[in-house]
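# Geometric and topological summary
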Amino acid sequence: MADTVWRPAGRARRSTRTLRVRTSAAVVALIVLAVLLVPPLAQLDQQAVDLSAKLQPPSWAHPFGTDDVGRDLLLRCVYGLRVSLLVGLVAALVATVIGTAVGAAAGALGGWTDRVVMRAVDTLSSIPHLLLGIFIVAMFRPGVWPVVASVAVTHWLSTARIVRAEVLSLRGRPYVDAAISGGASRWRVAVRHLVPGILPQAGLAAVLMIPHAMWHESALSFLGLGLPAHQASLGNLVQTARGSLLAGDWWPTLFPGLLLIVPTLAIAGLAGAWRDRINPRRPEPTL
């Protein structure tokens, strides 16, 4: 009787999970193709102004409509997504490298090094990310790389905690104790056993950080502290469209907002599947 109840429920959960992963992968693939292929294939200037076509609603000629100076919003959104993805990817990579190095050093060395490093991490974590990011970008001229630096410097802390916890867990494994008892040096133990063990968790942290970095860049650009106003980014597009929204023109705000939300959900779906693979959990019985 238990089998007749358990198997259909487990099969339904697996099929739902598979559908979610495939949908997320398809969305991510479509986004990557769009940012790579649309700009060179369109052969259009995303800055081209046409005041006679300003604030036109979505149509066949302009699927996302036009903005307040007649620029094609679809092309502007693709360029904005391109910039936001660049910031997210580079910032996530840099933050993951910093967090992995700090967390691995704290967990592997232990003792006073671990205590000092983690107290420093706790102190930096008490500062709001957005305020610290604003302080960093305010020291430079608006551009992509100051935003990347601000996101990377403020987002490695969670990765350091995750990696440290994983290192501490690995240090207690029997095969690590056996390697140490066999005379392996600390460096050899770290390279052969600890580093391969923390890479899946570090990679998962990097993937989850990409949409977070995109939202952070968009927030800075929306506040006028990120990318220059003339450069297309999702935050700049939303900021520019505020006046149009108050006038009842919804499309200049809707589509940039969707291009922030949809990649976030798609990447989260893939990251959830990755997490389930590296940290499998036993399914709960269905009554």
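In what follows, the accompanying structure is described. Note that the structure is a prediction, hence the values are computed from the model and not measured. (Residues numbered from 1 in each chain as written. Predicted model: local features only at pLDDT ≥ 70, side-chain atom pairs only at ≥ 80, totals over all residues. Heavy atoms only, no water.)

### As for helix H2 (residues 73–109)
A rise of 1.5 Å per residue sets the reference length of H2, with its 37 residues, at 54 Å; its end C-alpha atoms lie 53 Å apart and thus fit the reference within 8%. N-capping of H2 is provided by aspartate 72, with a side-chain oxygen placed 3.3 Å from the backbone N of leucine 74. Positioned one or two residues after H2, glycine 110 has a phi angle of 65 degrees, which is positive. (Helix = DSSP H or I, 4+ residues; strand = E, 2+ residues; numbered from the N terminus. Expected span 1.5 Å × (residues − 1). Polar contact = N/O pair within 3.5 Å; in protein donor to acceptor, adjacent residues only side chain to side chain.)

### Concerning the packing of H2 against helix H3 (residues 111–125)
For any two helices packed against each other, one specifies the crossing angle of their axes together with the interaxial distance. Here H2 crosses H3 at 145 degrees, and the two axes come no closer than 7 Å. Remark: the crossing between H2 and H3 carries left-handed chirality. Residues Val102, Ala106 and Leu109 of H2 form the contact with H3, whose own contacting residues are Gly111, Thr113, Asp114, Val117 and Met118. Considering only residue class, the contact of H2 with H3 consists of five nonpolar, two polar and one charged. (Axes fitted to C-alpha atoms, helices over the stretch in contact; angles between N-to-C directions. Left-handed = near helix turned anticlockwise from the far one by under 90°. Contact = heavy atoms within 4.5 Å. Nonpolar A, V, L, I, M, F, W, Y, C, P; charged D, E, K, R; others polar.)

### A word on the packing of H2 against helix H5 (residues 144–155)
At a minimum axis separation of 8 Å, H2 and H5 run at an interaxial angle of 40 degrees. By the angle between their directions, the pair H2 and H5 is classed as oblique. The two elements H2 and H5 meet at a crossing, and its hand is right-handed. Facing H2, whose interface residues are Val83, Leu86, Val87, Val90, Ala91, Val94 and Ala95, H5 presents Val144, Trp145, Val147, Val148, Val151, Ala152 and His155. Residue composition of the contact of H2 with H5, grouped by class: 13 nonpolar, one polar and no charged. (Parallel < 35°, antiparallel > 145°, perpendicular 65-115°, else oblique.)

### A look at the pattern of salt bridges
In the structure shown here, the tally under the stated rule is four salt bridges. The shortest N-O distance in the salt bridge between arginine 71 and aspartate 67 comes to 2.8 Å. Looking at aspartate 67, the relative accessible area reads 7%, which means it is buried. With a shortest N-O distance of 2.9 Å, aspartate 122 and arginine 119 are connected by a salt bridge. Here aspartate 122 and its partner arginine 119 are both found in helix H3, three residues apart, which amounts to about one turn of the helix. Judged by relative accessible area, which is 49%, arginine 119 ranks as partly exposed. Sharing partners across several salt bridges, the network here consists of Arg119, Asp122 and Arg161. (Salt bridge = Lys/Arg side-chain N within 4 Å of Asp/Glu carboxyl O. Buried < 20%, exposed > 50% of the residue type's maximum accessible area, 1.4 Å probe, protein only.)

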